[in-house]
Amino acid sequence: MQSFNCAEQIDQLLQSSLLTIMLFKTKHCSVCEAVQPQLVTHLQQYPHIGSGYLYMEDAPELASAYMIFTSPVVLLFYEGKEVYRAARFIRFAELDQQLQRYSSLLDS
């Protein structure tokens, strides 16, 4: 996962990848730090998915732009539009279903 700190970097990722997953997290958050390696593990099955993470303290305007009020938050984008959001309690089985669903759209 790439580290981002500005809107232009995220916009470039969203434009370059049809399916993108972003993790918004905060510093000193043990849950955030536990979610990221699990997310990386899940994404190994989907090498075609663009991914990145952002510390909200580094770019609070982005947290506002994406209406993020807690952490961690996982956003899944398909063709640049948000199609799935998970906040605080990330259900990886549910996330996997969404990843499979949208990955199958790319295959067809």
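Above this text sits the structure in question.
From a predicted model like this one, the values you see are computed outputs, not experimental measurements.

Asks: Tell me about the nonpolar core, residues and numbers included.
Replies: Counting 20 residues, the largest nonpolar core has I21, L39, I49, V74, L76, L95 and L99 as the members making the most contacts within it. With 4 residues, helix 4 (residues 92-107) is the single largest residue contributor to this core. Apart from residues no more than four positions distant in its own chain, V74 is found in contact with I21, M22, L23, L39, Y84, R85, A86, I90 and L95. Core analysis: the next-biggest nonpolar cluster, separate from the first, contains 16 residues, L13, L54, Y66 and F77 among them.

Asks: Hey, could you go over the pattern of salt bridges for me, with residue numbers and the actual values?
Replies: Any two side chains of opposite charge can pair if their charged atoms end up close together. With the rule as written, the count across this model stands at 3 salt bridges. A salt bridge links R85 to E82; the shortest N-O distance between them is 2.9 Å.

Asks: Before we move on, can you summarise the packing of aromatic side chains with the specific residues and values?
Replies: Evaluated as defined, the whole model comprises 4 aromatic pairs. Ring geometry for Y53 against Y55: centres 5.9 Å apart, planes inclined by 90°, an arrangement best described as edge-to-face. Aromatic side chains Y66 and F77 sit 5.9 Å apart centroid to centroid with 75° between the ring planes, which places their arrangement in the edge-to-face category. One end of the pair, Y66, is in the loop between helix 3 (60-65) and strand 4 (73-78); the other, F77, is in strand 4, with 11 residues separating them in the sequence. The same class applies to Y66 as to F77, namely buried. Counting every residue linked through ring pairs, the aromatic cluster contains F24, Y66 and F77. Over the aromatic face of Y53 sits the side chain of K25, whose NZ or CZ is 4.8 Å from the ring centroid. A cation sits over an aromatic face here: K27 above Y55, 5.7 Å from the ring centre.

So, how was this worked out
- Residues numbered from 1 in each chain as written.
- Predicted model: local features only at pLDDT ≥ 70, side-chain atom pairs only at ≥ 80, totals over all residues.
- Heavy atoms only, no water.
- Core = buried A, V, L, I, M, F, W, Y, C linked by side-chain atoms within 4.5 Å.
- Buried < 20%, exposed > 50% of the residue type's maximum accessible area, 1.4 Å probe, protein only.
- Helix = DSSP H or I, 4+ residues; strand = E, 2+ residues; numbered from the N terminus.
- Contact = heavy atoms within 4.5 Å.
- Salt bridge = Lys/Arg side-chain N within 4 Å of Asp/Glu carboxyl O.
- Phe/Tyr/Trp six-rings, centres within 6.5 Å; stacked < 30°, edge-to-face > 60°.
- Lys NZ or Arg CZ within 6 Å of the ring centre and 35° of its normal.

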